Structures are given as C-alpha cells and as structure tokens.
There are 2 protein chains.
Amino acid sequence: MEDVCAILARNIKAARKRLNLSQEDLAARAEIDRTYVSGIERQVRNPTITVVAKFAEALETTTADLLTDESR
Amino acid sequence: MEDVCAILARNIKAARKRLNLSQEDLAARAEIDRTYVSGIERQVRNPTITVVAKFAEALETTTADLLTDESR
DNA sequence: CTGTGACTAAGAGTCCGTA
DNA sequence: TTACGGACTCTTAGTCACA
C-alpha cells in the first residue's frame with residue numbers, strides 16, 4: 001500500500017503544473033511558506049488536514065481530490 | 001466553506017457506526033489512542049494525513065472518502 | 001525557481017485517570 | 001460507552017539563510 005504522502009505530493013505537483021504555477025506562486029496563493037510547499041512535494045513533510053485544505057483551495061480542487069490515488 | 005475537521009469527524013463517526021464499532025474498537029483497529037479518536041470526533045484535534053490513512057484502513061474505506069463532504 | 005538544514009513555538013499523539 | 005482532564009514526548013508548523 002502506497003504512502004498517503006506520496007499520493008498527496010504527486011497530486012499537488014500535478015495540479016500545480018496544470019495551473020502553470022511555480023512553487024512560489026502556489027505558496028503565495030495558499031499563504032504557506034515556499035519552502036514548506038517544497039517539503040511537501042518532496043515528501044519530507046506529513047501535513048495536517050487543515051494544511052491540505054489550504055492547498056485544495058489554492059489549487060481550485062478539493063481536499064479529497066488531493067488525496068485520491070489516481071494511479072489505480 | 002465548512003471546516004475539513006468537521007467533515008472528517010462526521011464521516012469517521014458514520015463509518016464507525018456502520019461497522020458497529022465503539023471508539024475503543026476503532027482505536028484498537030487503527031492502532032491509535034482511544035482518547036485521540038474521541039478528540040477527532042469532537043473536532044478538537046487536527047490530525048495529520050497519515051493518521052487519517054490509518055482510520056481509512058481500519059474503517060475499510062479510503063482517505064479521500066473520509067474527507068469527502070457528503071452533504072453536497 | 002527549487003532543495004535543504006536548522007531552528008522555535010505550537011500542537012500532534014500517548015498514557016494515566018475520572019465522571 | 002464516551003467525554004474530558006493533566007502530563008508527557010515527539011513531530012509538525014512556519015520561517016530563515018544559503019546553496
């Protein structure tokens with residue numbers, strides 16, 4: 001079973017690219033530090049669900065979507 | 001926009017009832033502390049996504065499902 | 001534009017109990 | 001069976017300088 005952090009990292013990165021945003025742009029939108037965004041995409045962070053919710057809003061999607069394993 | 005913790009609390013409680021589990025049963029299954037389960041259902045906790053994943057496994061569902069707002 | 005190490009404050013998560 | 005409290009440890013939140 002794949003780690004939920006890996007799924008989140010992949011989905012955030014994909015959604016970010018889709019919107020043509022840099023990590024910096026996303027950080028600004030979500031009101032999160034740039035380096036924190038980096039840490040999540042690199043899977044060195046294990047965020048709380050409220051942080052994921054912030055990302056979801058900034059990426060114009062839902063919390064559930066960011067945690068959905070698209071690979072199956 | 002409704003808080004993600006409220007959605008989680010509602011969904012966990014519903015899934016737990018559906019399986020006829022007590023908070024203690026669920027805690028044992030998910031290998032999470034009994035008082036922590038209580039705290040999440042009362043929305044006084046803001047869990048990390050790995051904990052939500054543990055709940056999902058114990059409740060025979062997915063992380064995304066536990067964070068899906070069924071009220072819409 | 002991104003990765004990384006280091007740091008403090010806050011809160012996640014555990015364990016003991018009581019009503 | 002659940003809510004709630006105290007006390008505790010350890011990780012996350014959030015930020016910085018630097019590569």
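Keep in mind that what you see is a predicted model, and the values were worked out from it rather than measured. (Residues numbered from 1 in each chain as written. Chains lettered and ligands numbered in written order. Predicted model: local features only at pLDDT ≥ 70, side-chain atom pairs only at ≥ 80, totals over all residues. Heavy atoms only, no water.)

1. Notes on the protein's contact with DNA strand D
- Within the structure, DNA strand D sits among 18 residues, and Tyr36(A), Thr48(A), Arg16(B), Gln23(B) and Arg42(B) are positioned closest to it.
- Atoms of DNA strand D within 4 Å of the protein belong to the sugar or the phosphate in 62% of instances, the rest to bases.
- Arg45(A) places a polar side-chain atom, nitrogen or oxygen, 2.9 Å from a base nitrogen of DNA strand D.
- Listed by contribution, the elements that provide at least two residues to the surface near DNA strand D are α3 (34–41) of chain A together with α2 (23–30) and α3 (34–41) of chain B.
- Of the residues assigned to the surface near DNA strand D, the class counts are 3 nonpolar, 8 polar and 7 charged. (Near = heavy atom within 4 Å. Polar contact = N/O pair within 3.5 Å; in protein donor to acceptor, adjacent residues only side chain to side chain. Helix = DSSP H or I, 4+ residues; strand = E, 2+ residues; numbered from the N terminus. Nonpolar A, V, L, I, M, F, W, Y, C, P; charged D, E, K, R; others polar.)

2. Overview of the relation of the copies chain A and chain B
- Between chain A and chain B, the superposition needs a rotation of 180° and an axial shift of 0.2 Å, giving an RMSD of 0.2 Å. In the structure described here, the two chain copies are related by an operation that fits a two-fold rotation axis. When each C-alpha of chain A is compared by its distance to the rotation axis, Thr48(A) comes out closest, at 1.7 Å.
- Interface overlap between copies is the fraction of interface residues in one copy that are interface residues in the other; for chain A against chain B it reaches 100%, indicating a shared surface. (Least-squares fit on C-alpha atoms with pLDDT ≥ 70 in both. Contact = heavy atoms within 4.5 Å.)

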